[in-house]
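Close look at the chain arrangement
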Amino acid sequence: MNPDRPIAPVLWKRFLLFSAPLVLGNILQALSGTLNAIYAGRLLGVTSYAAIAVVTPILLFLSAFIAGFGSGASILAGQAWGAKDVVKLQTIAGTALFAGVALGVGLALIGVPLARQALELIGAPPETVTEALVYAQVMLGSLPLMFTAVLAAALLRGTGDSKTPLLVLSIGSTVVLILTPALILGRIGLPPMGISSAAWATSIGTLISLIWLAWDLRRRKHPLAFNLVLLRYVRPHPLLWRITKLGLPTGLFFVIGSMADVALMRIANGYGMHATAAWGIVNQVVAYVQFPGLSIAIAASIFSSQAIGRGFPEQLKTVTRTALWTSFIFSCGIALLAVTQSDGILAMFTSNEGVAMLAKRLVWIAVLGSVILGLSSVLTAVMRASGMVLWPTLISLSCLAFVLVPLGASLSQVLELPGLRMAYPITYLIGLLMHASFFNLVWKRRAVKKLI
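What you see is a predicted model, and the numbers here were worked out from it, not measured in a lab.

1. Some words on the side chain of S48
- Along the chain, S48 turns up in helix α2 (residues 46–82).
- One polar contact links S48 to E131, side chain to side chain, over a distance of 2.6 Å.

So this is what it looks like as structure tokens:
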């Protein structure tokens, strides 16, 4: 992508070319978790699958801030790349990587010894706790690696490169695909490792993919190659506050969202182990349906930040319009596919007929929310790229804190598990209406400025 090329009527093609690797990358990233879940469900049984489903919201909660921090880093990296300022780009990258690794190490040191208390806090079904604890401790210990991978991908996307993160994720997913069943069945000279196999495969896959990335960037003499030049910038820097300022509200959104997910998961756990497993399966399916919309939102953020960096803020209007239509069309297509092919999709996760039937009742509700969330994400991404972060995030946080959980608890009293799931699309719709109003009435009247 040429940063000097003006926005043209064929912008949607550029969105597709940039977003396609993002979508595939997100699919591969989720594939590691999905494969772990499928292997656990098919090779180890429904209890093991439920154990992974219980741990997943905790991991998402702990990873929430780094997701927001990465979005802040990618915005600044995009503006530096658009302005062709390599030194600023390396300063941003070094600062972000330092903070990410430090956070990952801190959370690992705290999380591993407190994993059992966390499982008890979210009301994990008693029969899942033993296996969930083993899985959680290995995954928590690998947070520094995972955080590094997330930030490296975000920084590369800020430079307009969505293909390299896809290759990195392809390597990691391939390792998971091969290693997980081998460890479960004890096929590589080791005794069968049970549910911890899934966690170890994910950690090893992440490490191997990061080693390949370091080699590839050095081979290409990329500005973000991990060498002595970049190493000088891996330290605290005043830019840390600016990245945090951009990323913290988004991180808080993910944190509150994860807390809300945990709260709703706790309610779902109250309906028994089959409900826990069904809820986890639907979460896996929904993740794939969300990828087109969320990936296009990332593309909108990158395109917007680069346009601002090279001094063409008037291009944001075209970026926003193109992103909204692209998100809507592709999200609807994937949602329709998930609903019409739900029998085959759910059969991959479990052979338990009761779990599959319960999950099928929830899928159509869940995919509707994914379409709405994608549109809302585009609006917040464009505003965030221009530095308008606080108010859009407050809108999102208010919906999560004051609508999602109370509404889910209320609807579950009447409609049980389907009512609990219905809270998501209703909350996302309220958020979309509020974001659209703010975007048109406030943001459009604000002058756009560079952030670096």
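2. Here we look at the packing of aromatic side chains
- In total, this model carries four aromatic pairs according to the counting rule given.
- Consider the rings of F18 and F303, whose centres lie 5.6 Å apart with planes at 65 degrees: the pair is edge-to-face. Taken together, the residues span a long stretch of sequence, with F18 in helix α1 (residues 11–44) and F303 in helix α11 (residues 273–309) at a distance of 285 residues. Neither F18 nor F303 differs from the other in exposure class; each is buried.
- Between Y424 and Y428 the ring centres are 6.1 Å apart and the planes differ by 50 degrees, which places this aromatic pair in the tilted class. Of the two residues, Y424 and Y428 both sit in helix α15 (residues 390–441), four residues apart, roughly one turn of that helix. Accessibility classification places Y424 together with Y428 in one group, the buried group.
- The residue whose ring lies beneath R421 is W279, and the NZ or CZ to ring-centre distance is 4.7 Å.

3. Overview of a nonpolar patch on the surface
- A cluster of nonpolar side chains, contributed by V101, V105, L109, I110 and L114, occupies part of the molecular surface with about 440 Å² of accessible area.
- Along the chain, the position of V105 falls in helix α3 (residues 86–111).
- Relative accessible area serves as the criterion here: at 36%, V105 is assigned to the partly exposed category.

4. Digging into the nonpolar core
- Of all hydrophobic cores here, the largest spans 118 residues; its most connected members are F15, L119, Y135, L155, W279 and L417.
- It is α11 that contributes the most residues to this core, 17 residues altogether.

5. Re the side chain of S295
- Locating S295 in the fold gives a position in helix α11.
- Judged by relative accessible area, which is 0%, S295 ranks as buried.
- Once residues within four sequence positions are removed from consideration, S295 is found in contact with S19, L22, V23 and N26.

6. Looking at α3
- Along its 26 residues, α3 runs 37 Å from first to last C-alpha, staying within 8% of the 38 Å computed at 1.5 Å per residue.
- One side-chain oxygen at the N-terminal end of α3 lies 3.5 Å from the backbone nitrogen of V87; it belongs to D85.

7. Structural notes on the environment of P238
- Tracing the backbone shows P238 in the loop between α9 (228–231) and α10 (239–269).
- Residue P238 is classed as exposed on the basis of its relative accessible area of 70%.
- For the pair P238 and T91, spaced 147 residues apart in sequence, the C-alpha separation works out to 9.9 Å.

8. Some points on the packing of α3 against α10
- Axis separation between α3 and α10 bottoms out at 9 Å; the angle between their running directions is 75 degrees. Relative to α10, α3 is oriented roughly perpendicular. Of the residues in α10, those touching α3 at K88, T91, I92, T95, A96 and A99 are L239, L240 and I243.
- A breakdown of the residues in the contact of α3 with α10 according to their chemical character gives six nonpolar, two polar and one charged.

9. Some remarks on the pattern of salt bridges
- What the rule picks out here adds up to four salt bridges.
- For R220, the salt bridge goes to D161, with nearest N and O atoms at 4.0 Å. In this pair, R220 sits in the loop between α8 (196–219) and α9 while D161 sits in the loop between α6 (143–158) and α7 (163–185), placing the two residues 59 residues apart along the sequence.
- A residue is classified by how much of its surface remains accessible, and D161, at 14% relative accessible area, is buried.
- Here D216 ties to R219 by a salt bridge, and the two come within 2.6 Å at their closest N and O atoms. In this pair, D216 and R219 both sit in helix α8, three residues apart, roughly one turn of the helix.
- Judged by its relative accessible area of 4%, D216 falls in the buried class.
- Here the salt bridges share partners, and the residues they tie into one network are D161, D216, R219 and R220.

10. Section: the environment of A149
- Within the secondary structure, A149 is located in helix α6.
- Measuring from C-alpha to C-alpha, the distance between A149 and L337 comes to 30 Å, with 188 residues separating the pair along the chain.
- The residues contacting A149, other than those within four sequence positions of it, are T206 and L210.

Criteria and thresholds
Residues numbered from 1 in each chain as written. Predicted model: local features only at pLDDT ≥ 70, side-chain atom pairs only at ≥ 80, totals over all residues. Heavy atoms only, no water. Helix = DSSP H or I, 4+ residues; strand = E, 2+ residues; numbered from the N terminus. Polar contact = N/O pair within 3.5 Å; in protein donor to acceptor, adjacent residues only side chain to side chain. Phe/Tyr/Trp six-rings, centres within 6.5 Å; stacked < 30°, edge-to-face > 60°. Buried < 20%, exposed > 50% of the residue type's maximum accessible area, 1.4 Å probe, protein only. Lys NZ or Arg CZ within 6 Å of the ring centre and 35° of its normal. Patch = residues over 30% accessible without salt bridge, like charges linked within 9 Å, V, L, I, M, F, W, Y side chains within 5 Å. Areas by Shrake-Rupley, 256 points an atom, 1.4 Å probe, with all protein chains shown as cover. Salt bridge = Lys/Arg side-chain N within 4 Å of Asp/Glu carboxyl O. Core = buried A, V, L, I, M, F, W, Y, C linked by side-chain atoms within 4.5 Å. Contact = heavy atoms within 4.5 Å. Expected span 1.5 Å × (residues − 1). Axes fitted to C-alpha atoms, helices over the stretch in contact; angles between N-to-C directions. Parallel < 35°, antiparallel > 145°, perpendicular 65-115°, else oblique. Nonpolar A, V, L, I, M, F, W, Y, C, P; charged D, E, K, R; others polar.

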